[in-house]
Amino acid sequence: MLQDSFNNIYTKFKLHFYRKVFERWQDKEASLTTVETFCMEIIYAMKNPTVNEFADMTNISSPNAAYKVNSLIKKGYLRKVQSKDDKREYHLEVTEKYLNYYNISYQYMETVMKRIEERFSAKELAVMEKILTVMNDELMPEIKLKRS
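I will try to describe carefully the structure that is included in this document.

## A few points about the packing of helix 2 (residues 34–46) against helix 3 (residues 51–58)
In contact at an axis separation of 11 Å, helix 2 and helix 3 are set at 115 degrees when each is read in the N-to-C sense. Judged by the twist between their axes, the crossing of helix 2 over helix 3 is right-handed. Side by side, helix 2 and helix 3 meet where Cys-39, Ile-42, Ile-43 and Met-46 of the first sit next to Glu-53, Phe-54, Met-57 and Thr-58 of the second. Each residue belonging to the contact of helix 2 with helix 3 can be placed in one class, and the counts come to six nonpolar, one polar and one charged.

Written as structure tokens, this is what we have:
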């Protein structure tokens, strides 16, 4: 069934990421809590949100969001960058430290994508890309992300 197949793929990506995170905890490399990891994933996916935009996305209060953000700044995973358009506004930007941490997930996605490209024809890949684009652009309106 299509739903089961999609759920299995989504679950495998999550489990691979969690396994790598736990490997880092075991090696004492990771300094992010589970909630902080989720916060960083959200902030990175949102592409430089403000604290208020992050609070809105997560449905938490602005003070609670600010507390989490300040903790992530102290740990070196995040920084605030003043807006060029509105000097009163600050955007959250992930640091190189986080990008190195995030790569544990991104590298696996790259591996899977290479396998897909090797396994399927150009025509099949075009259909897959069309389906994923429609899913992203039309079928998931609850989550708005900035374009790359």
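Read on for the rest.
## Re the side chain of His-91
In this structure, His-91 sits in strand 2 (residues 90–94). For His-91, the side chain forms a polar contact with the main-chain oxygen of Asn-48, separated by 2.8 Å. For His-91, the side chain forms a polar contact with the side chain of Glu-89, separated by 3.2 Å. Residues in contact with His-91, not counting those within four places in the same chain, are Asn-48, Pro-49, Thr-50, Arg-79, Lys-80, Val-81 and Ser-83.

What counts and what doesn't
- Counting from 1, residues in each chain are numbered in the order their sequence is written.
- Owing to the predicted nature of the model, reporting of local features is limited to residues with pLDDT of at least 70; listing and counting of side-chain atom pairs is limited to 80 or more, with chain, interface and lining totals taken over all residues.
- Side-chain measures were taken over the full set of non-hydrogen atoms in the model, leaving aside hydrogen atoms and water.
- With axes taken as lines fitted to C-alpha atoms, and helix axes fitted only over the stretch in contact, angles between N-to-C directions fall between 0 and 180 degrees.
- Secondary structure elements are taken from DSSP: a helix is a run of H or I of four residues or more, a strand is a run of E of two residues or more, and numbering for both begins at the N terminus.
- Whether a crossing is left-handed or right-handed is set by the direction in which the near helix is turned from the far one by less than a right angle, anticlockwise for left-handed and clockwise for right-handed.
- Only heavy atoms matter for contacts: two residues are in contact if any of them lie within 4.5 Å across the pair.
- All residues other than Ala, Val, Leu, Ile, Met, Phe, Trp, Tyr, Cys, Pro, Asp, Glu, Lys and Arg, Gly among them, are scored as polar; the first ten of these are nonpolar and the last four charged.
- Polar contacts, as counted here, are pairs of nitrogen or oxygen atoms within 3.5 Å of one another; within protein the pair requires one atom able to donate a hydrogen and one able to accept it, and residues that are adjacent in sequence qualify only if both atoms are side-chain atoms.

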